[in-house]
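Structural description and commentary
Chain residues, written in single-letter form:
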Amino acid sequence: MRLSIFRFNPEQDEKPYMQDYEIELEPTDQMLLDVILRLKIQDDTLTFRKSCREGVCGSDAMNINGRNGLACITVVRELKEPVELRPLPSFPVIRDLVVDMTQFFKQYHSIKPYLINDESAPEKERLQSPEERKKLDGLYECILCGCCTSQCPSSWWNPDKFVGPAGLLQAYRFIIDSRDQATQERLDDLNDPYRLFRCRSIMNCTEVCPKDLAPSRAIEKIRLMMVKDSL
Amino acid sequence: MCIGDMAKSKKRRPVFFNLAQIQMPVGALTSITHRVTGILLALGIPFSVYLLDLSLQGPQGYAQVIAWFDKFAFRVAAIVLVWALAHHLLAGIRHLLGDIDIGSELPAARRSAWIVNLGGVAVALLAAGVLL
Amino acid sequence: MRKAVTGLRAWLVQRISAVYMLLFILLLLFHFFLDPPHAYLAWHGWMKNPGVSVATFVFFSALLLHAWVGVRDVVMDYVHPLALRVSALVLLGFSLMAIAAWVVRILLTEYG
């Protein structure tokens, strides 16, 4: 299999460049991550993040043949050769395929990703019916890999002002959580020309989410709530 | 970013941002064309208002507007604007439906994106058939 | 940008103006298909009909508001230096107002 991988070492390189690799696939190579881990035998300077190898930690998010995804759950034999690996678009590159996720996490923290409930704590737990719990499906599963936000044009143009699909999906996760009491504040916080309303429903986010979540739909639902609220 | 990182590599953190190498799904094409056609239509507003004005001023003005429509270049421009309006309108309807949660799931959204892209061109071809 | 022109308000203006324009365009196409004006008098008479001229004026109001929100979105996305962005938006605002005044002149006054 032929691969072409984005390389950049800040201590040595002036500019990034693409490096070609060739490797014999073995029967045990199922996912892209298996292959690039074995590539490190050929070239141990190749740098990328990885951890769980099963699509739940989000560490190995990268741009694969133009489309963001997780290396550990991308079936390697389905990829067109040469397989082009690049870091997530628009995020500052620290080294090779490792990017700086600071801005991404800043936006995530800005939506207050925690339950806000000032009532005194109940003896056991805050109860929630199965129907209320069902509303969190498709929202809580986000692993914050960054595939969506780094493929979103609105995030490209205004990363510091637009919250981005991941942040907004999590905002909705707390807005419709029946145990959360800060719904009004959350909606008000997003009601400005940039934080939510830069979203044009381009839907790149939903296209690339490796967990099959739909941030564009969550954003739509937040907008509808805001409209209902204002009438 | 911690201070250590900043001191070492504050100068060089490149980004990967080559649009030619980033995949553009069909919905993204619909979206950027929606924006481009919007700008084209907005630029066309002053001239359209002028045509309206001229056509209502008197029989000579009206005749003048009709005469312009005989020119080939004018007709080509008209077809481009018809395409722009058709695409913008269809993409707009797709957005309005999405707003009320119709066709928001990925498979439906991809299908509607194709319909919008091809529909706009179809209307333009129709206009070309009529005008040329 | 201040919350004065909240995101929601602009978005609603864009959607509502779009719906009006869609209906107007469909009705217009329908009318022109069934009964196209053949000469100046028919055209002038139809446009100056009070119902038509008011509905058309509302159409242009919707159009200019819709264009304002749309072009403003483009400026906000791509123009980052503050002074440049503010200038572009001010220029846009004045241009649209000038066109609005022109449309009032054409449709609602006895000129022409």
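On a predicted model such as this, the values are computed, not experimentally measured, just so you know. (Residues numbered from 1 in each chain as written. Chains lettered and ligands numbered in written order. Predicted model: local features only at pLDDT ≥ 70, side-chain atom pairs only at ≥ 80, totals over all residues. Heavy atoms only, no water.)

1. Remarks on the interface of chain B and chain A
- The partner chain A presents 35 residues to the 27 residues of chain B that form the contact.
- Interface area for chain B against chain A, summed over the two sides, is near 2800 Å², with a carbon-plus-sulfur share of 55%.
- Considering only the surface of chain B that becomes buried against chain A, B:R12, B:P14 and B:F16 emerge as the three largest contributors, covering 23% of it.
- Where chain B touches chain A, the interface holds four salt bridges.
- Between A:E207 and B:R110 there is a salt bridge, with the nearest N and O atoms lying 2.9 Å from each other.
- Applying the counting rule to chain B against chain A returns ten residue pairs in polar contact (both at pLDDT 80 or more).
- For the side of chain B that touches chain A, the elements supplying multiple residues, two or more each, are α1 (3-9), α2 (26-57), α4 (72-99) and α5 (106-131) of chain B.
- With four residues, α2(B) is the single largest residue contributor to the side of chain B that touches chain A.
- Looking at the side of chain B that touches chain A, its residues break down into eleven nonpolar, eight polar and eight charged. (Contact = heavy atoms within 4.5 Å. Buried area = accessible area lost by both parts, 1.4 Å probe. Salt bridge = Lys/Arg side-chain N within 4 Å of Asp/Glu carboxyl O. Polar contact = N/O pair within 3.5 Å; in protein donor to acceptor, adjacent residues only side chain to side chain. Helix = DSSP H or I, 4+ residues; strand = E, 2+ residues; numbered from the N terminus. Nonpolar A, V, L, I, M, F, W, Y, C, P; charged D, E, K, R; others polar.)

2. Brief notes about the confidence of the model for chain C
All names here are of chain C.
- Here chain C averages 91 in pLDDT, and 93% of its residues register 70 or above.
- Mean pLDDT values for the elements of chain C range from 91 in helix α2 (residues 40-48) up to 96 in helix α3 (residues 50-78).
- Scoring the predicted complex yields pTM 0.92 and, for the interface, ipTM 0.91. (pLDDT = per-residue confidence, 0-100.)

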